[in-house]
Amino acid sequence: MVATTKHDLALEPLSTNLLNQMSNPEHVYQELAQVFALRGNQVLEIEIIPSSLGSFLHDGNALGISKKTLVAAYTVARQLFKQQHDDLSNATEIMLLFDCEHLTACNWRKRRLAAVMETEPESEELQAELTLMTSYQCSPLHRHSKSPTLWHHRLWLVRHILRARSWTPAELLGVLSTELDAVLRAGELHPRNYYAFSHMRQVSILLAEMDVFWDPPMLDRVVDWCLAHPRDISGWSFAVYVLDSSTQQYQLSALEKVAGFALGVGWEGESLWTFIAQAASQFNLGDSLLGMLVPRGKETDNVPVNAGSWSMWLELARAYWTQDG
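Keep in mind that what you see is a predicted model, and the values were worked out from it rather than measured.

The rules we used
- Residues numbered from 1 in each chain as written.
- Predicted model: local features only at pLDDT ≥ 70, side-chain atom pairs only at ≥ 80, totals over all residues.
- Heavy atoms only, no water.
- Helix = DSSP H or I, 4+ residues; strand = E, 2+ residues; numbered from the N terminus.
- Buried < 20%, exposed > 50% of the residue type's maximum accessible area, 1.4 Å probe, protein only.
- Areas by Shrake-Rupley, 256 points an atom, 1.4 Å probe, with all protein chains shown as cover.
- Phe/Tyr/Trp six-rings, centres within 6.5 Å; stacked < 30°, edge-to-face > 60°.
- Lys NZ or Arg CZ within 6 Å of the ring centre and 35° of its normal.
- Axes fitted to C-alpha atoms, helices over the stretch in contact; angles between N-to-C directions.
- Parallel < 35°, antiparallel > 145°, perpendicular 65-115°, else oblique.
- Contact = heavy atoms within 4.5 Å.
- Pairing = 2+ DSSP bridges.
- Left-handed = near helix turned anticlockwise from the far one by under 90°.
- Nonpolar A, V, L, I, M, F, W, Y, C, P; charged D, E, K, R; others polar.
- Expected span 1.5 Å × (residues − 1).
- pLDDT = per-residue confidence, 0-100.
- Salt bridge = Lys/Arg side-chain N within 4 Å of Asp/Glu carboxyl O.

Asks: Hey, could you run me through the overall build of the protein chain in this one?
Replies: Helix and strand counts for the protein chain come out as 15 helices and three strands. Per-residue burial for the protein chain yields a buried fraction of 50% across its 325 residues. Surface summary for the protein chain: the accessible area is close to 15,500 Å², and the carbon and sulfur share equals 49%.

If you want it as C-alpha cells, here you go:
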C-alpha cells in the first residue's frame, strides 16, 4: 500500500489565459478531472484556498482550489452523472470532493470496482481507489476526514484488497501501518474523530482473523499520538482497545509512560486520566500504578482504590504534586 505523503503547495498562479478560462465551468471541470486522471496511484494533498490566492493551483501532488471553482466543477460533474456519460470515474471523484456524503456517487464507484474484480481480482484499481480515499481523508478539507461514507468505503476497499491475494505477515503489517497512518492523520485534522478510530478497530479485527496483531512499535505510535493530543478522548479509547491484546508487561509500561507524562507536566485533563482509570481497571494494574502516584513515605495499603474512577487518580496526582512542591 502507498503511504500518505505531504507536499508543499506552490502558490504560483496559473497563466492569465487559463485564469480567464476558469469562468467556464466545463473548462474548470476538465482541468480538475485531468489532475485526478493523471494521479495514478499517488496521494494528493487537496486544500480549499481563498479566492485571493487564485482559482486553481497545482504543483506535483499538491492541489489548491477555490470554493467557487469547485462548485463550478461539481455542477458539470453532476450533469454528466445524471446523463450517464460514458466515463463517470472522474465525475464521481469530483462529486465526492465537493460532497463527501454523496452516497450515490460512492455506490457507483463500488459497483464499478466490483465489476472490475470479477475479471481481475488483483486489479491495481483497488489500490488507486484506496489512495483516492487517503487523498480525501488526509487533506485539510472541511468534512472529509470525519466522513462516515468515506470511512465505510475505505473499509470495503481494505476487505477486498485483503481477499484479492495471499499476503505475507510482513505485508499485512504494512497494511496495518498504512491504515494507521491515515487514521492518525485524520485524527489530527478532526479531533475526536470517532469514525477514523472505529475504522481502525475494524481493520484490526480483519487482520486478527489472519493472525496479524499489533506489534510494540505500532503500539508505541498510538500511545505517542495520544500523548501529543492529550485532550482527544477518541484516541485514548482506541489506545485502551489496542493495548487489550498486548502483554501485561507492555500494558504496564504504556500506563507508566502516560502517568509519567501527566505527572511531569501537571496535566489535569479528563481524557488522559480517563485512559489511566480504564487501563488500570481493565488490565488489573491499579496496585502497580499506586507506586507512582502515592506520595513518598505514605503507605499504599491504606489508600482507597477505585481503579475505574478517573477523578480518584487525578486526586492522587494532585497530592503527588503537593508533596513534590
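There's more to say after this.
Asks: I keep staring at the packing of aromatic side chains and nothing clicks. Help me out?
Replies: All told, the structure shown has seven aromatic pairs when counted by the stated rule. On the basis of an interplanar angle of 70 degrees and a centroid distance of 5.7 Å, the ring pair of Trp214 and Phe238 is categorised as edge-to-face. One end of the pair, Trp214, is in the loop between helix 9 (194-208) and helix 10 (216-228); the other, Phe238, is in helix 11 (residues 233-243), and 24 residues separate them in sequence. Assigned by exposure class, Trp214 and Phe238 land together as buried. Taking NZ or CZ as reference, Arg165 lies 3.8 Å from the ring centre of Trp167, over its face.

Asks: Help me understand the packing of helix 7 (residues 148-164) against helix 8 (residues 169-189) in this model?
Replies: Relative placement of two packed helices is described by the angle separating their axes and the distance separating the axes. Helix 8 packs onto helix 7 with a crossing angle of 170 degrees between their chain directions and a minimal axis gap of 12 Å. Compared by their axis directions, helix 7 and helix 8 come out roughly antiparallel. Contacts between helix 7 and helix 8 pair Trp151, Arg154, Val158 and Leu162 from the former with Leu172, Val175, Glu179, Ala182, Val183 and Ala186 from the latter.

Asks: I would appreciate a short explanation of the pairing of strand 3 (residues 62-66) in the present structure.
Replies: Along any regular strand, the residues point their side chains to alternate faces of the sheet. With five of five residues buried, strand 3 is to be regarded as a mostly interior element. Both strand 1 (residues 45-49) and strand 3 contribute to a ladder of five bridges, which runs parallel. Bridge pairing links Glu45 to Ala62 in strand 3. In the sheet, strand 2 (residues 56-59) pairs with strand 3 via four bridges, with the strands oriented antiparallel. The residue of strand 3 that forms the bridge with Phe56 is Ile65. Connecting strand 2 to the antiparallel partner strand 3 that follows it, the hairpin turn spans two residues, and Gly60 within it adopts a positive phi of roughly 60 degrees.

Asks: Explanation requested: the sheet that holds strand 3 in the structure shown.
Replies: Adjacent strands of a sheet pair through backbone hydrogen bonds, lying either parallel or antiparallel. With mixed pairing, the three strands of this open sheet are ordered in space as 1-3-2. Looking along the sheet, the strands with just one partner apiece sit at the ends: strand 1 and strand 2. When the angles between neighbouring strand axes are averaged without regard to direction, this sheet yields 15 degrees. On the sheet, helix 3 (residues 67-82) packs against strand 1 and strand 3 and is oriented at approximately 90 degrees with respect to strand 3.

Asks: Help me understand the packing of helix 10 against helix 11, please; the structure alone is not making it clear to me.
Replies: At their nearest, the axes of helix 10 and helix 11 sit 9 Å apart, and the two run at 155 degrees to each other. As the angle between them shows, helix 10 and helix 11 are arranged roughly antiparallel. Seen from above, helix 10 lies across helix 11 with left-handed handedness. Residues Leu219, Val222, Trp225, Cys226 and Leu227 of helix 10 touch helix 11, and the partners they reach there are Gly235, Trp236, Phe238, Ala239 and Val242. In terms of residue class, the contact of helix 10 with helix 11 is built from nine nonpolar, one polar and no charged.

Asks: Would you mind showing me how to read the environment of Pro191 here?
Replies: Structurally, Pro191 is set in the loop between helix 8 and helix 9. Judged by its relative accessible area of 44%, Pro191 falls in the partly exposed class. Residues Pro191 and Ile233 lie 42 residues apart in sequence; the distance between their C-alpha atoms is 8.8 Å. Those residues in contact with Pro191 that lie beyond four places of it in its chain are Lys146 and Asp232.

Asks: Any chance you could explain helix 3 here in plain terms?
Replies: Residues lying three or four places apart along an α-helix face the same way, a consequence of the helix completing one turn every 3.6 residues. If you check helix 3, its first and last C-alpha atoms are 22 Å apart, about what 16 residues at 1.5 Å a residue would give, namely 22 Å. Every buried residue belonging to helix 3 is among Thr69, Leu70, Ala72, Ala73, Tyr74, Val76, Ala77, Leu80 and Phe81, and all of these are buried. Close packing links the buried residues of helix 3 with helix 2 (25-37), strand 1, strand 3, helix 4 (89-98) and helix 5 (103-119). Residue Gln84 follows helix 3 closely and has a positive phi angle near 50 degrees.

Asks: What is the right way to read the confidence of the model for the protein chain from this model?
Replies: In low-pLDDT regions, the fine details of the predicted coordinates are not to be read closely. Residues with a pLDDT of 70 or more make up 88% of the protein chain, whose mean pLDDT is 89. Put simply, helix 1 (residues 16-21) is where the protein chain has its lowest mean pLDDT, 45, and helix 11 is where it has its highest, 98.

Asks: I tried to follow the pattern of salt bridges on my own but got confused; where do I start?
Replies: Any two side chains of opposite charge can pair, on the condition that their charged atoms come close. Applying the stated rule across the entire model yields twelve salt bridges. Close ionic contact of Glu179 with Arg154 constitutes a salt bridge, the shortest N to O distance being 2.7 Å. Taken together, the residues Glu179 in helix 8 and Arg154 in helix 7 connect sequence positions 25 residues apart. Each member of the pair, Glu179 as well as Arg154, carries the same accessibility label: buried. Put simply, Arg318 and Glu268 hold a salt bridge, and the shortest N to O gap is 2.8 Å. Highlighted residues: Arg318 in helix 15 (residues 310-324) and Glu268 in the loop between helix 12 (248-265) and helix 13 (270-282), separated in sequence by 50 residues. One network of salt bridges, in which partners are shared, links Glu93, Arg109, Arg112, Glu125 and Glu129.

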